[in-house]
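Breakdown of the fold
Spelled out, the chains give:
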Amino acid sequence: MSSKTKIIVLKSKELIYTGIFIVLGILLILLLWYMFSPKEDEKDTTDTSISTETFATYQPGVYTSQLNLGGTTLELQTTIDKHAVTHIEVSNTNETVTAMYPLLTPSVDAINEQLQITGNLDSVTYASDNQYTTLLILEAARQAAQSARIDTN
């Protein structure tokens, strides 16, 4: 009988590289699973839609609030219906203000586009290039919405 013995020679460098690639592969799979798995804490919007149809949240109208931009005070007009904020407009702009703050008009336009869809100031998103201008506008609009809110107590 002949014995066919096979000898396998493994270099330690190859074992280390293989182990590192296996660990990286497992980490990649876990990361992808974490990023794309459904979130459990997402809110159900069906309950809130019933409550907004039943009860009026705001007194409809056009409300103004002050928007302070670097020493310049502008008026922000916020149009509100029974359940949502529908439109935002800066009323007393001039060439100097638009030249000093070029992101003012695009920020207002972007907010109005999102308000047509959601009607909620809290759900407005913004790009990183006009983050601070949008936050100032949203804060002034929230002040106007707060003055339009109907007290249910």
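Predicted model only: the values in this text are computed from it and were never measured.

Scanning the protein from N- to C-terminus turns up 5 helices and 3 strands. Listing each helix as α and each strand as β along the protein from the N terminus yields α-α-β-β-β-α-α-α. Here the protein holds 153 residues, and the buried ones make up 22% of them. For the protein, the share of sequence-separated contacts (at least 6 apart) that also reach a separation of at least 24 residues comes to 51%.

One recurring pattern in soluble globular proteins: nonpolar side chains tend to sit buried together. Within the largest apolar cluster, 24 residues are counted, with the highest numbers of intra-cluster contacts made by I88, L104, L121 and I137. Put simply, the parts of the chain that give this core at least two residues each are strand 1 (61-69), strand 2 (72-80), strand 3 (85-90), helix 4 (104-117) and helix 5 (131-148). Excluding residues within four positions of it along the chain, I137 makes contact with L67, L76, I88, L104, S107, V108 and I111.

Moving on to the sheet that holds strand 2. Ordered in space as 1-2-3, the 3 strands form an open sheet in which the pairing is antiparallel. Strands at the two margins of the open sheet, each flanked by one partner only, are strand 1 and strand 3. Strand after strand, the sheet turns through a mean of 25° between neighbouring axes, direction not considered. In the sheet, strand 1 pairs with strand 2 via 9 bridges, with the strands oriented antiparallel. Across the sheet, G61 pairs through a bridge with I80, a residue of strand 2. Contacts from helix 4 reach strand 1, strand 2 and strand 3, with the element oriented near 170° to strand 3. Across the sheet, helix 5 touches strand 1, strand 2 and strand 3, and the angle it forms with strand 1 is around 145°.

Let us look at the packing of helix 4 against helix 5. The interhelical angle for the contact between helix 4 and helix 5, taken along N-to-C directions, is 60°, at an axis separation of 9 Å. Here helix 4 is positioned oblique relative to helix 5, judged by the angle of their axes. In the packing of helix 4 onto helix 5, the handedness of the crossing is right-handed. Across the interface between the two elements, L104, S107, V108 and I111 of helix 4 pack against T133, T134, I137 and L138 of helix 5.

Glancing now at the pairing of strand 2. Between strand 1 and strand 2, which follow one another and run antiparallel, lie 2 residues, and G70 among them has a positive phi close to 55°. Pairing between strand 2 and strand 3: 5 bridges, direction antiparallel. The residue of strand 3 that forms the bridge with T79 is H87.

Now for helix 4. The first and last C-alpha atoms of helix 4 sit 21 Å apart over 14 residues, in line with the 20 Å expected at 1.5 Å per residue. Listed as buried for helix 4 are L104, S107, V108, I111, N112, Q114 and L115. Along the axis of helix 4, the buried positions cluster into a sector of 165°, meaning they face one direction only. Facing away from the buried side of helix 4 by more than 90 degrees, the exposed set consists of E113, Q116 and I117. Buried positions along helix 4 lie against strand 1, strand 2, strand 3, helix 3 (95-100) and helix 5.

What follows concerns the pattern of salt bridges. All told, the structure shown has 1 salt bridge when counted by the stated rule. One salt bridge connects D122 with R142, and the closest N-O pair in it is separated by 3.3 Å. Taken as a pair, D122 in the loop between helix 4 and helix 5 and R142 in helix 5 lie far apart in primary sequence, 20 residues in all. D122 sits in the exposed class, given a relative accessible area of 59%. On the basis of relative accessibility, which here comes to 30%, the residue R142 falls in the partly exposed class.

Reading the values: the criteria
Residues numbered from 1 in each chain as written. Predicted model: local features only at pLDDT ≥ 70, side-chain atom pairs only at ≥ 80, totals over all residues. Heavy atoms only, no water. Helix = DSSP H or I, 4+ residues; strand = E, 2+ residues; numbered from the N terminus. Buried < 20%, exposed > 50% of the residue type's maximum accessible area, 1.4 Å probe, protein only. Contact = heavy atoms within 4.5 Å. Core = buried A, V, L, I, M, F, W, Y, C linked by side-chain atoms within 4.5 Å. Pairing = 2+ DSSP bridges. Axes fitted to C-alpha atoms, helices over the stretch in contact; angles between N-to-C directions. Parallel < 35°, antiparallel > 145°, perpendicular 65-115°, else oblique. Left-handed = near helix turned anticlockwise from the far one by under 90°. Expected span 1.5 Å × (residues − 1). Arc of directions from axis to C-beta. Salt bridge = Lys/Arg side-chain N within 4 Å of Asp/Glu carboxyl O.

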